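Architecture and fold: a report
Given next are the chains, with one letter for each unit.
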Amino acid sequence: MAPTDATTETDVLVIGGGPGGYVAAIRAAQHDLDVTLVEADAYGGTCLNDGCIPSKAFITAADVAHDAANAAGMGIHADPTVDMAELAAWKDGVVDRLTSGVEKLCKANGVSLIEGTATFVDDHTARVAHGDTEQDPEFVAFEACVVATGSRPVEIPGFSFADEHVWSSSDALAAETVPDELVVIGAGYIGMELSTMFAKVGADVTVVEMLDSALPAYDDDITRIVRSRAADLGVEFRFGEGASEWREAEAGIEVATETADGERAVYDADRVLVAVGRRPVTDTLGLDAIGLDPDDNGFLTTDDRTRTDLDHVYAVGDVAGEPMLAHKASAEGIVAAETIAGMSTTLDSQAIPAAVFTDPEIGTVGLTESEAVEAGYDPIVGEMPMRASGRALTMNESEGFVRLVGDGDTGSLLGGQVVAPEASELIAEIGVAIELGATVDDVAETIHTHPTLSEATMEAAENAMEQAIHTLNR
């Protein structure tokens, strides 16, 4: 325990300044609590610095270049050149603006900021080390604590991120050149987003995946469209293969793979991107000092108010379990802060949307048809294909659909799946409808602007009721 004069006292200690932590800190301060936020790396966490924001910046730029180069059918002829170094500099500017904004917002709301790594000393004290600086560690005594330490990319045997030729997702998003040949290990959402992006800016991409499909968390009729578009971009898929090692070659490297039957293959590359998932960061916290044990997957177990097994210690974001999404982390951060402030807020997880920024995008929320059946519903399903959407055709984007799932007995909207341009935006309307307890009929009767992509949501609702005008009723 530190001497009293070296200890800062605070109502709420937040460990981690990502989208869960900084939101929790600001909301707690808004409720007149004294809040101290400790961040080990950069304000904004992985999302703003190494994940959501830089990846979407790269994806947007790649889309601009690809669309311009492939618009001959519209009478537009262009041959754009992508300067990756300039693109990276622009991306960094976007990131810097947002991360500095987080710091300013925290300070403006009265949150005290400390840079360093926090480790528990006991149930109500944490030690903050300041890395390689000569500054002495300091101690923070707290009444309540919010753990928001996030996650890090998973390494696999034989592919150390310390090696120059091996990229984590963070390394890929710091790239200032485009590899001629890129091997991507993992066909989850991170692997698919980055594979598509690099293919659009000129890389020859090979995706190696141990399972037999890309994006295995989604239904095949959703992933088939995305996989087909990626193949059109030149992405080569090697399913049923696990990466075993890499070695240097005369030009670049070679990545070796092996199937379950022992068949081996070798792929040439300049870089290999390992995108097999993320692991929660709990090893820096000293959890033994407070008697908390992560589960087998490394997550801290929480209740619907984000409390751990210790009532005054909360966990939010990636460290608290799936889905590992920034907006889920922020929602949990608000719940934690308001619970600490004495409010009766709980986490409502029925309408947490998810999006994959592939081409086309994927957006989902609530239940699929099969999940509705498993939950005991007799679902009704409506679908509007984008090939029947006037706005989609004017965008030269005719692949995909909007699908709604409702309760056949009450008409209540249960879920939605969107595969379309701007699916990440379109899914929000469906999420709001579910959150408000709307029926499929409510969505169908809501007048949508024409011509827009969002009309497809209205048409899907009408299709579920067998009243569709612009597509054949199911």
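First things first, this report covers the structure right here in the doc. (Residues numbered from 1 in each chain as written. Predicted model: local features only at pLDDT ≥ 70, side-chain atom pairs only at ≥ 80, totals over all residues. Heavy atoms only, no water.)

Further remarks concern the overall build of the protein. Within the protein, the regular secondary structure consists of 13 helices and 22 strands. Taken against the 2.2 N^0.38 rule, which gives 23 Å for 474 residues, the C-alpha radius of gyration of the protein at 24 Å falls within 12% of a compact globule. Each of the three principal axes of the protein carries a C-alpha extent, and together these read 75 × 65 × 45 Å. In the protein, which comprises 474 residues, the proportion classed as buried is 51%. Counting contacts in the protein only where the partners sit at least 6 residues apart, residues at least 24 apart contribute 61% of the total. Surface exposure of the protein reaches about 21700 Å², of which carbon and sulfur atoms provide 47%. With 25 positive and 86 negative side-chain charges, the protein shows a spacing of 3 Å between the two charge centroids. (Helix = DSSP H or I, 4+ residues; strand = E, 2+ residues; numbered from the N terminus. Rg over C-alpha atoms; globule rule 2.2 N^0.38 Å. Buried < 20%, exposed > 50% of the residue type's maximum accessible area, 1.4 Å probe, protein only. Contact = heavy atoms within 4.5 Å. Areas by Shrake-Rupley, 256 points an atom, 1.4 Å probe, with all protein chains shown as cover. Lys, Arg positive; Asp, Glu negative; His and termini not counted. Charge placed at Lys NZ, Arg CZ, Asp CG, Glu CD.)

Put simply, helix 1 (residues 21–30) and helix 8 (residues 326–340) touch, their axes get as near as 8 Å, and they point 35° apart. With respect to the hand of their crossing, helix 1 and helix 8 are arranged in right-handed fashion. For the pair helix 1 and helix 8, contact is made by Val23, Ala24, Arg27 and Ala28 and by Ser330, Gly333, Ile334, Ala337 and Glu338, respectively. Residues belonging to the contact of helix 1 with helix 8 are distributed by class as follows: five nonpolar, two polar and two charged. (Axes fitted to C-alpha atoms, helices over the stretch in contact; angles between N-to-C directions. Left-handed = near helix turned anticlockwise from the far one by under 90°. Nonpolar A, V, L, I, M, F, W, Y, C, P; charged D, E, K, R; others polar.)

Before going further, it helps to examine the packing of aromatic side chains. This structure, assessed with the given rule, holds three aromatic pairs. With a centroid separation of 6.1 Å and 65° between ring planes, the pair formed by phenylalanine 120 and phenylalanine 142 is classed as edge-to-face. With phenylalanine 120 in strand 4 (residues 117–122) and phenylalanine 142 in strand 6 (residues 138–147), this residue pair connects regions lying 22 residues apart in the sequence. We note that phenylalanine 120, like phenylalanine 142, is buried. Here tryptophan 167 and phenylalanine 198 contribute two aromatic rings whose centre-to-centre distance is 5.7 Å and whose plane-to-plane angle is 35°, an arrangement assigned as tilted. With a gap of 31 residues between them, tryptophan 167 in strand 8 (residues 166–167) and phenylalanine 198 in helix 6 (residues 189–200) connect regions that are remote in the sequence. With respect to burial, tryptophan 167 and phenylalanine 198 carry one shared label: buried. (Phe/Tyr/Trp six-rings, centres within 6.5 Å; stacked < 30°, edge-to-face > 60°.)

Time to look at the sheet that holds strand 20 (residues 379–385). Strand order in the open sheet formed by five strands is 18-19-22-21-20, and the pairing between neighbours is antiparallel. Two strands in the sheet have a free side with no partner beyond their single neighbour: strand 18 (354–356) and strand 20. Adjacent strand axes in the sheet meet at a mean angle of 10° when their direction is disregarded. For strand 18 and strand 19 (residues 361–366), the ladder comprises three bridges, and the chain directions are antiparallel. Note on strand 19: the bridge partner recorded for alanine 355 is glycine 363. Packing against the sheet, helix 11 (residues 423–435) makes contact with strand 18, strand 19, strand 21 (401–407) and strand 22 (413–420), and its axis sits at approximately 175° to strand 22. (Pairing = 2+ DSSP bridges.)

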